[in-house]
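Geometric and topological summary
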Amino acid sequence: MTRLYDTRKRVLVTGGAGFIGSHLIDRLLGMGNEVLCVDNLFTGTKRNIEHLHGEPRFEFMRHDVTFPLYVEVDEIYNLACPASPVHYQHDPVQTTKASVHGAINMLGLAKRLGCKIFQASTSEVYGDPVMHPQTEEYWGNVNPIGPRSCYDEGKRCAETLFFDYRREHEVNIKVARIFNTYGPRMHHADGRVVSNFIVQALGGEDITLFGTGDQTRSFCYVDDLVEGILRLMETESTITGPVNLGNPGEYTIRELAEKVVRLTGSSSGIVYRDLPEDDPKQRCPDITMAREIMAWEPGVTVDEGLNRTVTYFQNLLSEMTLVSA
Ligand code: NAD
Ligand code: UDP
Ligand code: UDP
């Protein structure tokens, strides 16, 4: 039900022009909230939010969260950070700043406003995990000086800041450790495996399998993830997380490649490339906590989610072909 004007919540979403952030904004607007989207458009695009043009309850502010932000809101979702290995390794110092300075600024804002704040943490805090599947108690196995460290350690430090702002300043925090998520509005060229494979398959190019393809990941469809984020935000204030959000179905990357080829009806072959340094060998969430505290679990099967994502990329690629023609 739509809220009356004077009872509407004003919600800040940082990183709102990105893949997950833009879906979250759609849901928040659908629930009757006002939304302020703050994004520096480093990896996000205006295309992800252009359908909101003219929506009076939506506002976009181009801003980098590594700088202070003085706005008045009732709730904060902090998602601003490049998320794909290609993007976060492009300017690693800026990546750490986005996580750490971004967290300090958004926590400072939440502290001043006395409002609830959500942090998009990641399964990368578990590094190359020796515990499998990963539960929230596991402290992780992270290289502090490798090419992925700017992201992993930045996100770990952000979690530390969230819990210290809670202990020291009683900020109401909600921390989710998000596992690999996919769906429409992923950036077509950010190098993540689902978008890479689909774009390659649709273009009839070879599928690039890194290493042997025996490494595993668990893939969550974006709508399921956003539902989990919203439910976590609604839990009582004693619940802080960190809580795993992901789909416990686990696939080898070779299985994913085969699935994508089958679903697209592509004639693409598979080529092998070197495994990137520190690429985790296995990743699968234990979601017992999310099931218990908010009765959440993913509902979209990987085949269904991939089909929806394929349709999105088919449309995107044909639009891009028309533009360049
Ligand atoms: P994305 O790259 O599409 O979105 C990130 C958004 O943050 C982009 O719009 C980008 O422009 C913006 N941004 C980056 N640096 C910024 C800065 N300094 N100031 C303001 N805006 C900035 O990626 P995504 O997949 O939508 O990820 C969103 C969040 O979820 C990220 O924090 C990411 O770490 C986290 N996460 C995502 C996944 C996943 O599988 N997609 C998994 C774990 C965690
Ligand atoms: N901050 C912000 N918006 C606010 C309040 C604070 O961006 O509305 C930033 C501020 O610039 C500061 C950071 O958040 O650097 C941390 O704020 P906090 O009050 O915790 O720390 P302090 O200002 O005491 O260093
Ligand atoms: N990957 C691959 N081919 C690609 C892109 C990625 O084999 O074109 C592999 C990558 O090495 C990793 C997995 O797919 O093992 C997931 O990669 P992604 O970058 O999507 O996410 P992350 O490694 O951060 O989980």
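These lines cover the structure that appears in this document, whether it is placed above or below. (Residues numbered from 1 in each chain as written. Chains lettered and ligands numbered in written order. Predicted model: local features only at pLDDT ≥ 70, side-chain atom pairs only at ≥ 80, totals over all residues. Heavy atoms only, no water.)

Regarding the nonpolar core
Nonpolar side chains in soluble globular proteins tend to be buried together. For the record, the criterion: In this description, a nonpolar core means a group of buried Ala, Val, Leu, Ile, Met, Phe, Trp, Tyr and Cys residues linked to one another through side-chain atoms lying within 4.5 Å. Accessibility here uses a 1.4 Å probe with only protein chains present; expressed as a share of the type maximum, an area under 20% marks a residue as buried, one over 50% as exposed, and anything in between as partly exposed. Note on conventions: DSSP H or I runs of at least 4 residues are helices, E runs of at least 2 residues are strands, and numbering of each starts at the N terminus. A contact between two residues is defined here by any heavy atoms of the two lying within 4.5 Å.
Residues Leu 24, Tyr 77 and Phe 118 are the most contacted members of the largest nonpolar core, which totals 59 residues. For this core, the element with the most residues is helix 6 (residues 222–233), which contributes 7 residues. Apart from residues lying up to four places away in sequence, Leu 24 is in contact with Val 13, Tyr 77, Leu 79, Val 226, Ile 229 and Leu 230. By size, the runner-up hydrophobic cluster in this structure holds 25 residues, among which are Val 65, Leu 107, Cys 115 and Phe 162.

Side note on the site of ligand 2
Basically, it comes down to this: Think of it this way: one heavy atom of a residue within 4 Å of a molecule or strand is enough to make that residue near it. The definition of a polar contact used here is a pair of N or O atoms within 3.5 Å, where within protein one atom must be able to donate a hydrogen and the other to accept one, and adjacent residues in sequence count solely through side-chain atom pairs. In short, Shrake-Rupley with a 1.4 Å probe defines the accessible areas, and a residue's cover is counted only from the protein chains shown.
Close contacts around ligand 2 come from Pro 68, Leu 69, Tyr 70, Ile 104, Asn 105, Gly 108, Leu 109, Lys 111, Arg 112 and Tyr 165, and that covers them all. The separation between a nitrogen atom of ligand 2 and a polar main-chain atom of Leu 69 is 2.7 Å. If ligand 2 stood free it would expose 510 Å²; the protein chains cover 64% of that surface. In terms of residue count, helix 3 (residues 92–113) provides more of the shell around ligand 2 than any other element does, 6 residues in total.

Observations regarding the packing of helix 5 (residues 193–202) against helix 7 (residues 253–264)
Rules: The angle between two axes is taken between their N-to-C directions and runs from 0 to 180 degrees, where each axis is a line fitted to C-alpha atoms and a helix contributes only its stretch in contact. Should an angle fall under 35 degrees it is called roughly parallel, over 145 degrees roughly antiparallel, and 65 to 115 degrees roughly perpendicular, with every other angle called oblique. The handedness criterion is simple: a crossing whose near helix is rotated anticlockwise from the far helix by less than a right angle is left-handed, and one whose near helix is rotated clockwise is right-handed.
Remark: helix 5 packs on helix 7, axes separated minimally by 9 Å, with the N-to-C direction vectors making an angle of 40°. The angle between helix 5 and helix 7 falls in the class oblique. When you trace helix 5 past helix 7, the crossing you get is right-handed. Of helix 7, the residues touching helix 5 (which contributes Val 193, Val 194, Phe 197, Ile 198, Ala 201 and Leu 202) are Ile 253, Leu 256, Ala 257, Val 260 and Thr 264.

Considerations on the pattern of salt bridges
Heads up, the rule is: One side-chain nitrogen of Lys or Arg within 4 Å of one carboxyl oxygen of Asp or Glu is enough to make a salt bridge.
For the structure shown, the criterion picks out 27 salt bridges. In this structure, Glu 75 and Lys 116 form a salt bridge, with 3.9 Å as the shortest nitrogen-oxygen distance. You can see Glu 75 sitting in strand 4 (residues 75–78) and its partner Lys 116 sitting in strand 5 (residues 116–122), a full 41 residues away along the chain. Residue classification places Glu 75 among the buried residues on the basis of a relative accessible area of 3%. Classification of Lys 116 by relative accessible area gives buried; the value is 17%. The shortest N-O distance in the salt bridge between Arg 177 and Glu 159 comes to 2.7 Å. Taken together, the residues span a long stretch of sequence, with Arg 177 in strand 6 (residues 173–178) and Glu 159 in helix 4 (residues 149–169) at a distance of 18 residues. You can call Arg 177 buried: its relative accessible area is 8%.

Concerning the site of ligand 3
What surrounds ligand 3 is a group of 18 residues, the closest being Val 193, Asn 196, Thr 208, Arg 217 and Asp 279. Separating an oxygen atom of ligand 3 from a side-chain N or O atom of Asn 196 is a distance of 2.8 Å. Out of a free accessible area of 520 Å², ligand 3 has 95% covered by protein chains. Breaking the shell around ligand 3 down by element, the ones donating at least two residues are helix 5 and strand 8 (207–210).

Observations regarding unusual backbone geometry
When glycine is set aside, most residues are seen to have a negative phi, and most peptide bonds are trans. Between His 132 and the following residue, Pro 133, the backbone shows a cis peptide bond with an omega angle of -10°. Relative to the elements of secondary structure, Pro 133 occurs in the loop between strand 5 and helix 4. Following Gly 241, the chain continues to Pro 242 via a peptide bond in cis, the omega torsion being 0°. Assignment of secondary structure puts Pro 242 in the loop between helix 6 and strand 11 (243–245).

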